[in-house]
Amino acid sequence: MAQEQLSGAYLVILKAPMVGKRIELWKESTSIGRSRDCDIFLEDISVHRKQASILRTLAGFVLRDDHGSGDSFVNGHPVKEQLLNSGDQLQFGNTQLTFYANEGTRPFQLPTSRGRELHIGKAPDPQTTIIGRLEFASPLGEIHSIDLLSEMTIGRSRECSIFLEDLAVSRLHATIRELPNGDYEITDNRSATGIFVNGRAMARCVLHEGDEVHIGANRFTFRLVRS
């Protein structure tokens, strides 16, 4: 049971400016507070600079009140240290969060691609070569990649070619397509939070080797793979 609890745990902010933001818990100790040195920075003047920590233990995730003033709450009750259960409501100052031990009965869903799936059972086209790739890191730092086909949609809908399990991502957030000259272009589909390339908001952008693409909380590096 402990192993299941340690798989894909995360917090979702319910109130405050970052409502809906999802925060993965992948460290042994995750600090929470108003200080920007904390792992989880809460921009809330009613939160202490070093408020609390969530500790990863063999029994599961434990919330520890680090300030000692009795204003770290679990399900409305002040706690000094408490083992968390999936669905517990946490409150620090005016900020409310929900703790999830895992994604229901499955771990956190990394970005996935339907590109290969769409071609299962089909003979490869000798004229087609995949030359674009998006690389991304898992919460534990492992590097994964998604090969790009001639046109792929990106979003929170499972019908998208690249599915992002992120509340900050629109259902049909963006489209990435190969241009006639072999370049790849990404287009924002009037999403709620936009797309950012190398830190700049873009409605449409031709991608170059090494470009950093941010969509919601997801960061990708664009690579060209030429044979």
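Cut-off values and rules
Residues numbered from 1 in each chain as written. Predicted model: local features only at pLDDT ≥ 70, side-chain atom pairs only at ≥ 80, totals over all residues. Heavy atoms only, no water. Helix = DSSP H or I, 4+ residues; strand = E, 2+ residues; numbered from the N terminus. Buried < 20%, exposed > 50% of the residue type's maximum accessible area, 1.4 Å probe, protein only. Contact = heavy atoms within 4.5 Å. Areas by Shrake-Rupley, 256 points an atom, 1.4 Å probe, with all protein chains shown as cover. Pairing = 2+ DSSP bridges. Core = buried A, V, L, I, M, F, W, Y, C linked by side-chain atoms within 4.5 Å. pLDDT = per-residue confidence, 0-100.

## With respect to the overall build of the protein
- When its secondary structure is counted, the protein shows 1 helix and 23 strands.
- Counting every position in the protein, which comprises 227 residues, the buried fraction comes to 40%.
- Of all intrachain contacts in the protein linking residues separated by at least 6 positions in sequence, the fraction that spans at least 24 positions is 40%.
- Working note: accessible area of the protein is about 12,600 Å², and carbon and sulfur atoms make up 51% of it.

## Topic: the sheet that holds strand β7 (residues 72-74)
- Here we have 6 strands laid out as an open sheet, ordered β2-β1-β11-β10-β7-β8, and antiparallel in their pairing. If you trace the sheet from one side to the other, it starts and ends with β2 (22-24) and β8 (77-78), each paired once.

## Topic: the sheet that holds strand β6 (residues 61-65)
- Reading across from one edge, β4-β3-β5-β6-β9 is the order of the 5 strands in this open sheet, with mixed pairing throughout. Each end of this open sheet is capped by a strand with a single partner; those strands are β4 (40-41) and β9 (81-83).
- Bridge count for strand β3 (residues 29-33) against strand β5 (residues 52-56) is 4 bridges, and the pairing is antiparallel. Bridge assignment links isoleucine 32 to a residue of β5, and that residue is alanine 52.

## Things to note about the nonpolar core
- Leu148, Ile154, Ile162, Ile176, Ile186 and Ile215 are the most contacted members of the largest nonpolar core, which totals 22 residues.
- Not counting residues up to four positions away in its chain, the partners in contact with isoleucine 186 are Ile154, Ala174, Thr175, Ile176, Ile195, Val197, Ala203, Arg204, Cys205, Leu207, Val213 and Ile215.
- With 21 residues, the next largest nonpolar core counts Leu11, Leu42, Val79 and Phe99 among its residues.

## Looking at the confidence of the model for the protein
- The predicted model of the protein averages 82 in pLDDT, with 81% of residues at 70 or higher.
- Overall, residues 1-7 carries pLDDT values under 50, and its contacts beyond four positions in sequence, including any with other chains, amount to 17 contacts.
- For residues 114-128, every residue scores under 50 in pLDDT, and the model assigns this stretch 9 contacts once sequence neighbours within four places are set aside.

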